[in-house]
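This is what each chain is made of:
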Amino acid sequence: HGHQEATNDQEEHQAKLNFSIMERFWKTRQDFGLARIQMGALLCLIKDHKLWRGYAETWDAFLGKENVNTHAARQYMGVAKKFVFEMDLPSDVLAKMSLAGMTALEKAATTMTEANQHEIVAVLSTLAERDAVQRLVRRIAVPRDLAGGAGRSANPDRQGLSGDLR
């Protein structure tokens, strides 16, 4: 009977350890997703304000020197430009969206407006990457006036990020 209790204790300990590892994985995954958006925002600022000068001869040379893939930089910057600079989405909304893959985030950046923001965030935060991309691609095919309007225009005078880079 003592052997059974020891086995149960070991199984319970292993289950707690497994759950702890999974919680850590989910947290790290979300942190990584938010970091992509932050990196995009920072790259926008560096490029827009030519802060790369003095570090490299050209923007592309700067990215190369920093080991940032140019395609990835464009993706991160496009997502950040829309969600951080143009729409000024709050941190909790960015956190919900941050688990989505870059392809889905890019598609969302081309379709999100003030009117459809909640729907797009729900798609990004609940559907698997492939399904989210398919849903967003179908949304792109809908005429913009039927899909919630053109959205709020960006403020060209806005320089920088609010708070903690969201």
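What counts, and at which threshold
- Residues numbered from 1 in each chain as written.
- Predicted model: local features only at pLDDT ≥ 70, side-chain atom pairs only at ≥ 80, totals over all residues.
- Heavy atoms only, no water.
- Phe/Tyr/Trp six-rings, centres within 6.5 Å; stacked < 30°, edge-to-face > 60°.
- Helix = DSSP H or I, 4+ residues; strand = E, 2+ residues; numbered from the N terminus.
- Buried < 20%, exposed > 50% of the residue type's maximum accessible area, 1.4 Å probe, protein only.
- pLDDT = per-residue confidence, 0-100.
- Contact = heavy atoms within 4.5 Å.
- Salt bridge = Lys/Arg side-chain N within 4 Å of Asp/Glu carboxyl O.

*Asks:* Mind showing me how you'd approach the packing of aromatic side chains here?
*Replies:* Counted according to the given criterion, the structure contains two aromatic pairs. Ring centres of tryptophan 59 and phenylalanine 62 lie 5.7 Å apart, and the angle between their planes is 25°; on these two criteria the pair is classed as stacked. Here the residue tryptophan 59 and the residue phenylalanine 62 both occupy positions in helix 2 (residues 59-65), the gap between them amounting to three residues, near one helical turn. We classify tryptophan 59 as buried; its relative accessible area is 12%.

*Asks:* Would you take a moment to explain the confidence of the model for the protein chain for this structure?
*Replies:* Fine structural detail should not be taken from predicted coordinates in areas where pLDDT scores are low. Mean pLDDT over the protein chain works out to 85, with 83% of the residues at or above the 70 mark. Across the protein chain, the secondary-structure element scoring lowest on mean pLDDT is helix 7 (residues 129-141), at 85, and the one scoring highest is helix 2, at 98. The model gives residues 143-166 a pLDDT under 50, and that stretch makes 41 contacts with residues more than four places away or in other chains.

*Asks:* Could you clarify how one ought to interpret the pattern of salt bridges in this entry?
*Replies:* In a structure, side chains of opposite charge can pair up when their charged atoms sit close to one another. For the coordinates displayed, the defined rule picks out three salt bridges. Residue aspartate 131 pairs with arginine 130 through a salt bridge whose shortest N-O separation is 3.7 Å. Judged by its relative accessible area of 61%, arginine 130 falls in the exposed class.

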